[in-house]
Amino acid sequence: MSSSEPHHGAPADGHSDLGHPGLGPFWDQTASGTIVHGDNLAVTATLPDASVRLIYLDPPFNTGRTQRRQSVTTTRNPDGARQGFGGASYDTVKGTLSRYDDRFEDYWAFLEPRLEEAWRVLDDRGTLYLHLDYREAHYAKVALDALFGRDCFLNELIWAYDYGAKSTRRWPAKHDTILVYVKNPATYYFDSTAVDREPYMAPGLVTPEKVARGKLPTDVWWHTIVTTSGRERTGYATQKPQGVLRRIVQASSAPGDLVLDFFAGSGTTGAVAGALGRRYLLVDSSADAVAIMHARLPEATVLAV
Ligand SMILES: C[S@@+](CC[C@H](N)C(=O)[O-])C[C@H]1O[C@@H](n2cnc3c(N)ncnc32)[C@H](O)[C@@H]1O
């Protein structure tokens, strides 16, 4: 879908190959970590095209309340903007989804311009991870197929956990969905050798060597939530576990690459990216979130837009 030339070279070389000139007017390009307090649409608009290797987004879920409507629904490049987005077919898909569920229309009016920015700032080897709950995931997948292009869909990750109250009137819902889309299916970065391996479920069925090595995680990830007494706990209600982010950062970025999270909350993405030697840029519109991130990542530069 991208217009850029395919990248030739080993994807898992362990080195950044970004080499882009600095970031927008607000950032020191040498900074290893930056936290920005502001609306993510305004902040992402200052980033250059194709400047980010990995984006993880965990937006607030559509709970049925009307989200703040966003009037800007076009990209910054009105002439060539739809390039690679599926053009008219995207509008058709969006219109159909909105007819099924008007709450989706509100939610998507908020998310769409932000996801377009995500697409724009991803580099040719870049990947978007969009974390959603089961009430949104199916709509978002259809819309993202159209927005990125169907051939850019990489995975639907299921993060399964087992914690909290359980309904007895239906199967208790204990998973989130993370949709994974790449900017360019021919050139995207993915290093499975860098990912922490996990124990086999039936170790008796494989060789001792395999047991010792562990197995590569599949697209279903069992991982506990951040518990109230857990070591990672920051006090931020929607905080996600570092273990989930760790796999994402390990697989889809190399040391030195820039990782972006513009619904950053407590800064889990930055904590993991920093620990793994990646640069990070975190954005949140909540002053509470920025204060928590700053305490968690004291080395980061904090800016306001
Ligand atoms: C589900 S939380 C993210 C939690 C995060 N993944 C973590 O591990 O802590 C979503 C965040 O998006 C932020 N947010 C919502 N709308 C925003 C906007 N327009 N610009 C920037 N941040 C926004 C909220 O303040 C909230 O912190």
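Residues numbered from 1 in each chain as written. Predicted model: local features only at pLDDT ≥ 70, side-chain atom pairs only at ≥ 80, totals over all residues.

Draft legend 1. Representation of the overall build of the chain within the structure. Across its full length, the chain carries eight helices and nine strands. By residue count, 36% of the 305 residues in the chain fall in the buried class. Considering only contacts within the chain whose residues lie at least 6 apart along the sequence, 74% involve residues at least 24 apart. (Helix = DSSP H or I, 4+ residues; strand = E, 2+ residues; numbered from the N terminus. Buried ≥ 20, exposed ≤ 12 C-beta atoms within 10 Å, placed from the backbone. Contact = placed C-beta atoms within 7 Å.)

Draft legend 2. Quick look at the pairing of strand β3 (residues 122-133). Across the 12 residues that make up β3, a large majority, 10, are buried. Of the pairings in the sheet, the one linking strand β2 (residues 52-57) to β3 comprises five bridges and is parallel in character. Bridge assignment links Val 52 to a residue of β3, and that residue is Leu 122. Bridge count between β3 and strand β5 (residues 175-182): seven bridges; the pairing is antiparallel. Bridge pairing links Leu 128 to Tyr 181 in β5. (Pairing = 2+ DSSP bridges.)

Draft legend 3. Region of the structure containing the environment of Ala 143. Tracing the backbone shows Ala 143 in helix α4 (residues 137-148). Linking Ala 143 and Trp 108, residues 35 residues apart in sequence, is a C-alpha distance of 8.9 Å.

Draft legend 4. Focus on the sheet that holds β2. Taking strand neighbours across the sheet as the criterion, the nine strands line up as β6-β4-β5-β3-β2-β7-β8-β1-β9 in an open arrangement whose pairing is mixed. This sheet does not close on itself; its edge strands, each paired only once, are β6 (220-222) and β9 (301-304). Averaged over all pairs of adjacent strands, the angle between strand axes in this sheet comes to 20 degrees, irrespective of strand direction. Direction of pairing for strand β1 (residues 33-37) relative to strand β8 (residues 279-284): parallel, over a ladder of five bridges. Counterpart to Ile 35 in the pairing with β8 is Leu 282. Sheet contacts for helix α6 (residues 242-252): β2, β3, β4 (153-160), β6 and β7 (258-261); angle to β2, the most-contacted strand, approximately 160 degrees. Taken strand by strand, helix α8 (residues 287-296) contacts β1, β8 and β9, and its axis lies near 160 degrees from that of β1. (Axes fitted to C-alpha atoms, helices over the stretch in contact; angles between N-to-C directions.)

Draft legend 5. Structural view of the pairing of β2. The buried fraction of β2 amounts to six of the six residues, a majority that puts the element mostly inside the structure. When β2 meets β7, the two strands line up parallel, connected through two bridges. When the bridges of β7 are listed, Leu 54 appears paired with Val 259.

Draft legend 6. A look at the confidence of the model for the chain. Summing up the model confidence of the chain, the mean pLDDT is 83 and the portion of residues at 70 or higher is 76%. A low-confidence stretch, residues 1-23 stays under pLDDT 50, and its non-local contacts, those more than four residues away or across chains, total 43 contacts. Between residues 64-86, whose pLDDT stays under 50, and residues either more than four places distant or in other chains, the model counts 33 contacts. (pLDDT = per-residue confidence, 0-100.)

Draft legend 7. Up close: α4. Given a rise of 1.5 Å per residue, 12 residues ought to cover 16 Å, and the 15 Å separating the end C-alpha atoms of α4 matches this to within 8%. Residues of α4 that are buried include every one of Tyr 139, Ala 140, Ala 143, Leu 144, Ala 146, Leu 147 and Phe 148, and no others. (Expected span 1.5 Å × (residues − 1).)

Draft legend 8. Quick look at the environment of Asp 191. Relative to the helices and strands, Asp 191 is located in the loop between β5 and α5 (208-213). Sequence-wise, Asp 191 and Ser 253 are 62 residues apart; in three dimensions their C-alpha atoms are separated by 7.9 Å.

Draft legend 9. Unusual backbone geometry, seen in detail. Despite not being glycine, Ala 50 has its phi angle at roughly 50 degrees, a positive value. Along the chain, Ala 50 turns up in the loop between α1 (40-44) and β2. Judged by C-beta crowding, with 18 C-beta atoms within 10 Å, Ala 50 ranks as partly exposed.

Draft legend 10. Main features of α6. For α6, the full list of buried residues reads Val 244, Leu 245, Arg 247, Ile 248, Val 249, Ala 251 and Ser 252. Close packing links the buried residues of α6 with β2, β3, β4, β6, β7 and α7 (268-275).

Draft legend 11. Geometry of the packing of α6 against α7. In contact at an axis separation of 9 Å, α6 and α7 are set at 55 degrees when each is read in the N-to-C sense. With respect to α7, the element α6 is oriented oblique. Crossing handedness for the pair α6 and α7: right-handed. Within the contact between the two elements, α6 uses Gln 242, Leu 245, Arg 246 and Val 249 and α7 uses Thr 268, Thr 269, Ala 271, Val 272 and Ala 273. Classifying every residue of the contact of α6 with α7 by side-chain character gives five nonpolar, three polar and one charged. (Parallel < 35°, antiparallel > 145°, perpendicular 65-115°, else oblique. Left-handed = near helix turned anticlockwise from the far one by under 90°. Nonpolar A, V, L, I, M, F, W, Y, C, P; charged D, E, K, R; others polar.)

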